[in-house]
Amino acid sequence: MSIPVLRSVHVHPVKALRGFAPAEAEVEPWGLAGDRRYVVVDTAGRIVTQRQHARLALASAALLPDGGITLSAPGLEPLTVEVPELSAPDATITVEIFGTLVEAVPADPAAHAWFSAYLENEVRLVHMDDPAHRRPVDPEFALPGETVSFADGYPLLAATTSSLDALNSLIAQGDHADEGPLPMNRFRPNVVIDGTAPWAEDGWRRLSIGDVSFRVARSCGRCVVTTTDQLTGERGKEPLRTLAQHRKDGSRLIFGQNLVPEHRGTIRVGDPVKILD
């Protein structure tokens, strides 16, 4: 088998929104540069994602060179949001992400109004100003000092095209075959890898992409977001139905692997991928 290669890179500036696929990306300790540094929260400070509002899949965020973003969504005028400044140490608000409390900086009120109009609920947009210190990786699966942005739990998510092909073959044999084949965007990975055997990633412990090495923290447990068509916002049964039959780890339905960078660097589409351990 040929050496696996990096097929694509994906950055999502706002958690739960569409992102973009650059030819290369900087790897920072807490994830790809610009990835999931913004998140929408409700009036209680709880994060809002496609789990609660599937139509977030139809909105998109483009990353600007200075870290700001431009928002787009059906029915709304595009909005450019500057990186919010931390005017004072106590200018942050506390947000809750999967049971963890994190300090974040509110964006401009125009961003709150934009998202509130789109979701028809009062929400706010917040920014993680200091990813080196704001949110630690789950200590059960982390090394000391490892941190993460507003990603679900780990700096990067990796998926392989061969495993998606294998999963789609299983879906084609099931009761909801008409829902397949599913595209990779259902799983919202950061890096997509070509040239491996199906499910080979289950055995990975360390790997390198180009000159950057990564530790594999654990497999990725999947949720209802994977059943959401990222082009229409409609939900179905797959892939959770098939994962529950074939890819179950305890109560977790798994697809993909969570990665933690071992150092900074740049990854590029076409980079060789080497399994180090």
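What counts and how
Once a new chain begins, its residue numbering starts again from 1 and follows that chain's sequence as written. Thresholds applied to this predicted model are a pLDDT of at least 70 for local features of residues and 80 or more for the giving and counting of side-chain atom pairs; totals over whole chains, interfaces and linings are not thresholded and use all residues. Derived side-chain values reflect all non-hydrogen atoms in the structure, with water molecules and hydrogen atoms excluded from consideration. When a residue's accessible area, from a 1.4 Å probe over protein chains only, is under 20% of the maximum for its type it is buried; when over 50% it is exposed; and in between it is partly exposed. Secondary structure elements are defined from DSSP: runs of H or I of at least 4 residues count as helices, runs of E of at least 2 residues count as strands, and each element is numbered from the N terminus. The contact criterion used is simple: two residues touch if any of their non-hydrogen atoms lie within 4.5 Å. Here, a disulfide means two cysteine sulfur atoms that sit within 2.5 Å of each other. In protein, a polar contact requires one atom able to donate a hydrogen and another able to accept it; more generally it is a pair of N or O atoms within 3.5 Å, and residues adjacent in sequence count only if both atoms are side-chain atoms. Pairing between two strands is assigned when DSSP locates at least 2 bridges connecting them.

(A) Just helix α1 (residues 109–119), in detail. Along α1, the positions that sit buried rather than exposed are A111, H112, W114, F115, S116, Y118 and L119. Contact partners of the buried residues in α1: β4 (38–42), β5 (47–48), β7 (69–73), β8 (76–81), β10 (100–106) and β11 (123–127). Once α1 ends, the next one or two residues include E120, with phi positive near 55°.

(B) Main features of the state of the cysteines. A complete count under the given rule lists zero disulfides for this structure. Looking at C223, it has no disulfide partner, and the nearest cysteine sulfur is the one in C220, 8.2 Å off.

(C) Main features of the side chain of D271. One can find D271 in the loop between β18 (265–268) and β19 (273–275). Engagement of the side chain of D271 in a polar contact is seen with the backbone nitrogen of R268, the distance being 2.8 Å. Aside from chain neighbours lying at most four places away, what touches D271 is P4, V5, L6, I209, G210 and T266.

(D) Inspection of the sheet that holds strand β3 (residues 31–32) at higher detail. One open sheet accounts for three strands, arranged β3-β2-β18; its pairing is antiparallel. Unpaired on one side and paired on the other, β3 and β18 mark the two borders of the sheet. Sheet analysis places strand β2 (residues 24–28) next to β3, joined by two bridges and oriented antiparallel. Bridge pairing in β3 links V27 to L32.

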